[in-house]
Amino acid sequence: MQLKVTLSKSQKIFLLAVLLSVGVGGVTAATTIGINNDIELNLGAGYSTSATCDPSIDIGFIRSGTTPANYRYAGFTLTNVDGTNCGDQILRLAVVDKNNVTQQASWVIPSNATNYSYILGTTNLGRIISTNFYATYSYASIDLSDLSKFAVSIGKF
């Protein structure tokens, strides 16, 4: 299954506005990002696919449902974030559905070598359990076909 999203000019402008509102200090993961075993999501915004402090951040999703007809994005995970180089900065995730409903989460990246998994989901809100760092925001799942925009940024306070 391959998921591709093509953005119109107005959607690109909206995405740029969202990213600027969550922080100018970081570089955004855009153009093409891999979700769940390198299934590509093309954002078409023309930015680098890495942050200045980390050349590769892995993005995965938590899927719910039992058949393709009822699969939903139940959450997202950001892994392989370099805490040594990106420590004390803010990691931000924005997910926008086809109705332009935006769900956002952010985490302050601890400045240590622990390789945390940053999770936007519905459980353990605001907790750090082992190496899982859960968002304080509870994510409302969306249908796989309803994902419109997706953005990740790392920036200063």
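Scroll up a little and you will see the structure.
Conventions adopted
Residues numbered from 1 in each chain as written. Predicted model: local features only at pLDDT ≥ 70, side-chain atom pairs only at ≥ 80, totals over all residues. Heavy atoms only, no water. Helix = DSSP H or I, 4+ residues; strand = E, 2+ residues; numbered from the N terminus. Contact = heavy atoms within 4.5 Å. Areas by Shrake-Rupley, 256 points an atom, 1.4 Å probe, with all protein chains shown as cover. Buried < 20%, exposed > 50% of the residue type's maximum accessible area, 1.4 Å probe, protein only. Pairing = 2+ DSSP bridges. Core = buried A, V, L, I, M, F, W, Y, C linked by side-chain atoms within 4.5 Å. Disulfide = S-S within 2.5 Å.

## Some points on the overall build of the chain
Step number 1: Each helix and strand counted, the chain has 2 helices and 12 strands in total.
Step number 2: Taken from N to C terminus, the helices and strands of the chain fall in the order α-β-β-β-β-β-α-β-β-β-β-β-β-β.
Step number 3: The contacts of the chain with a sequence gap of at least 6 include a subset with a gap of at least 24, amounting to 57%.
Step number 4: Surface exposure of the chain reaches about 7800 Å², of which carbon and sulfur atoms provide 49%.

## With respect to the pairing of strand 6 (residues 90-97)
Step number 1: Burial analysis of strand 6 places 8 of its 8 residues in the buried class, which makes it a mostly covered element.
Step number 2: A two-sided burial pattern is seen for strand 6, the buried positions comprising Ile90, Arg92, Ala94 and Val96 on one face and Leu91, Leu93, Val95 and Asp97 on the other.
Step number 3: Here strand 6 runs beside strand 7 (residues 102-108); their pairing, made up of 7 bridges, is antiparallel. Pairing of valine 96 across the sheet is with threonine 102, part of strand 7.
Step number 4: Taking the residues between adjacent antiparallel strands as the criterion, strand 6 and strand 7 are bridged by 4 residues, where asparagine 100 takes a positive phi near 65 degrees.
Step number 5: Where strand 6 meets strand 12 (residues 147-155), 8 bridges bridge the pair, whose relative direction is antiparallel. Directly across from arginine 92, in strand 12, lies its bridge partner serine 153.

## Considerations on the nonpolar core
Step number 1: With 28 residues, the main nonpolar core has Leu78, Leu91, Leu93, Val95, Trp107 and Tyr118 as its most contacted residues.
Step number 2: Contributing elements (two or more residues each) for this core: strand 4 (58-64), strand 5 (72-79), strand 6, strand 7, strand 8 (117-120) and strand 12.
Step number 3: Looking at this core, the element that brings in the most residues is strand 12, giving 4 residues.
Step number 4: In this structure, valine 95 is in contact with Phe76, Val101, Thr102, Gln103, Leu120, Tyr139, Ile142, Leu147, Lys149 and Phe150, ignoring residues within four places of it in sequence.

## Thoughts on the state of the cysteines
Step number 1: Taken as a whole, this structure holds 1 disulfide when the rule is applied.
Step number 2: A sulfur-sulfur distance of 1.9 Å marks the disulfide that ties cysteine 53 to cysteine 86. Disulfide cysteine 53-cysteine 86: the torsion about the S-S bond is 100 degrees, which places it as right-handed. Of the two residues, cysteine 53 sits in the loop between strand 3 (39-42) and strand 4 while cysteine 86 sits in helix 2 (residues 83-86), which places them 33 residues apart along the sequence. Side by side, cysteine 53 and cysteine 86 carry an identical accessibility label, which is buried.

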